[in-house]
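# Descriptive structure summary
Given next are the chains, with one letter for each unit.
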Amino acid sequence: MAKELNQKQIDEIYQLLINSKEKIENNLKGISSSQDDLSSMDLNDDADFAAASRDYYNDIHIKNQQAEELELINYALMKINKGLFTGICEMCDSEIGMKRLRVKPYAKYCIDCRNHIDKR
Ligand SMILES: [Zn+2]
């Protein structure tokens, strides 16, 4: 039987989640303001435009990734608030482990299941 996280460990994860949430929200703010610039930028030739739109699509890609991460963070925070956050893998019911949760506090799966999903 997998051991659930104790309150102290959950508090630690909670703090990590809040920190990354703030960081991502700030990043996303920065990205959306730089996106407004594309249309107002003074682009002299096609090369300028190509470079600008490359950055632009790069930003969108990063933005999507960050938005996805934010969703996972909010999900984890919701679970903590409801007392449902246990640190147990949602797939195989084994411990995700504090080591992994410190790196990825919003992880829903243990490393084995994560690898399994990624390979599919
Ligand atoms: Zn698992």
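Calculation rules
Residues numbered from 1 in each chain as written. Predicted model: local features only at pLDDT ≥ 70, side-chain atom pairs only at ≥ 80, totals over all residues. Heavy atoms only, no water. Helix = DSSP H or I, 4+ residues; strand = E, 2+ residues; numbered from the N terminus. Buried < 20%, exposed > 50% of the residue type's maximum accessible area, 1.4 Å probe, protein only. Donors = N, O, S within 2.8 Å, 3.2 Å for Na, K, Ca; no water. Tetrahedral: all angles 85-135°; square planar, octahedral: opposite > 155°, others 65-115°. Salt bridge = Lys/Arg side-chain N within 4 Å of Asp/Glu carboxyl O. Core = buried A, V, L, I, M, F, W, Y, C linked by side-chain atoms within 4.5 Å. Contact = heavy atoms within 4.5 Å. Patch = residues over 30% accessible without salt bridge, like charges linked within 9 Å, V, L, I, M, F, W, Y side chains within 5 Å. Areas by Shrake-Rupley, 256 points an atom, 1.4 Å probe, with all protein chains shown as cover. Lys, Arg positive; Asp, Glu negative; His and termini not counted. Charge placed at Lys NZ, Arg CZ, Asp CG, Glu CD. 1 Å grid on protein atoms, 1.4 Å probe; cavity = no way out; pocket = protein on both sides within 12 Å on 5 of 7 lines; lining within 4 Å. Points joined across faces, edges and corners; volume = space filled by probe spheres on them. Nonpolar A, V, L, I, M, F, W, Y, C, P; charged D, E, K, R; others polar. Expected span 1.5 Å × (residues − 1). Polar contact = N/O pair within 3.5 Å; in protein donor to acceptor, adjacent residues only side chain to side chain.

## Re unusual backbone geometry
At D93, a residue that is not glycine, the phi angle is positive and equals roughly 65°. Relative to the helices and strands, D93 is located in the loop between helix 2 (46-81) and helix 3 (98-103). What makes D93 exposed here is its relative accessible area of 56%.

## Looking at the coordination of the zinc ion
Here the zinc ion is held by C89 (SG), C92 (SG), C110 (SG) and C113 (SG), and the distances to it run 2.2 to 2.3 Å. Geometry at the zinc ion is tetrahedral, judged from the 4 donor atoms that bind it and their angles of 106 to 118° at the metal. Each donor residue of the zinc ion lies on one chain, and together they are spaced C-x2-C-x17-C-x2-C. Taking the relative accessible area as the measure of exposure, C89 reaches 1% and is therefore buried.

## Here's the deal with the pattern of salt bridges
Evaluated as defined, the whole model comprises 4 salt bridges. For K21, the salt bridge goes to E25, with nearest N and O atoms at 3.6 Å. On the criterion of helical spacing, the pair formed by K21 and E25 is a turn pair, its members being 4 residues apart in helix 1 (residues 7-40). Take E25: its relative accessible area is 34%, and that puts it in the partly exposed class. Residue K79 pairs with E90 through a salt bridge whose shortest N-O separation is 2.7 Å. Pair noted here: K79 is in helix 2 and E90 is in the loop between helix 2 and helix 3, with a separation of 11 residues, a long-range link. Accessibility expressed as a relative area gives 14% for K79, which makes it buried.

## Observations concerning the nonpolar core
In terms of nonpolar packing, the biggest core is built from 22 residues, with L5, I13, L17, I73, F85, C89 and L101 touching the most fellow members. Listing elements by their share of this core, those giving two or more residues are helix 1, helix 2, helix 3 and helix 4 (111-119). Setting aside residues up to four positions removed in sequence, I13 forms contacts with L5, F85, M98, L101, R102 and P105.

## Focus on a negative patch on the surface
Taken together, the side chains of D42, D45, D46 and D48 present a region of like negative charge at the surface. With respect to the helices and strands, D48 occurs in helix 2.

## Observations regarding empty space enclosed by the protein
Applying the stated criterion to the full structure yields 1 cavity of 30 Å³ or more. As a volume, the largest cavity reaches approximately 40 Å³. Around the largest cavity, the lining residues are K79, F85, T86, G87, I88, I96, A107 and K108. Looking at the lining of the largest cavity, its residues break down into 4 nonpolar, 2 polar and 2 charged.

## Things to note about helix 2
Spanning 36 residues, helix 2 covers 51 Å between terminal C-alpha atoms, matching the ideal 52 Å at 1.5 Å per step. Within helix 2, the full set of buried residues consists of A52, S53, Q66, L70, I73, A76, L77, K79 and I80. Backbone nitrogen of A47 and a side-chain oxygen of the N-cap are separated by 3.2 Å at the start of helix 2; the cap is D45. Among the residues trailing helix 2, G83 stands out with phi positive, at a value near 75°.

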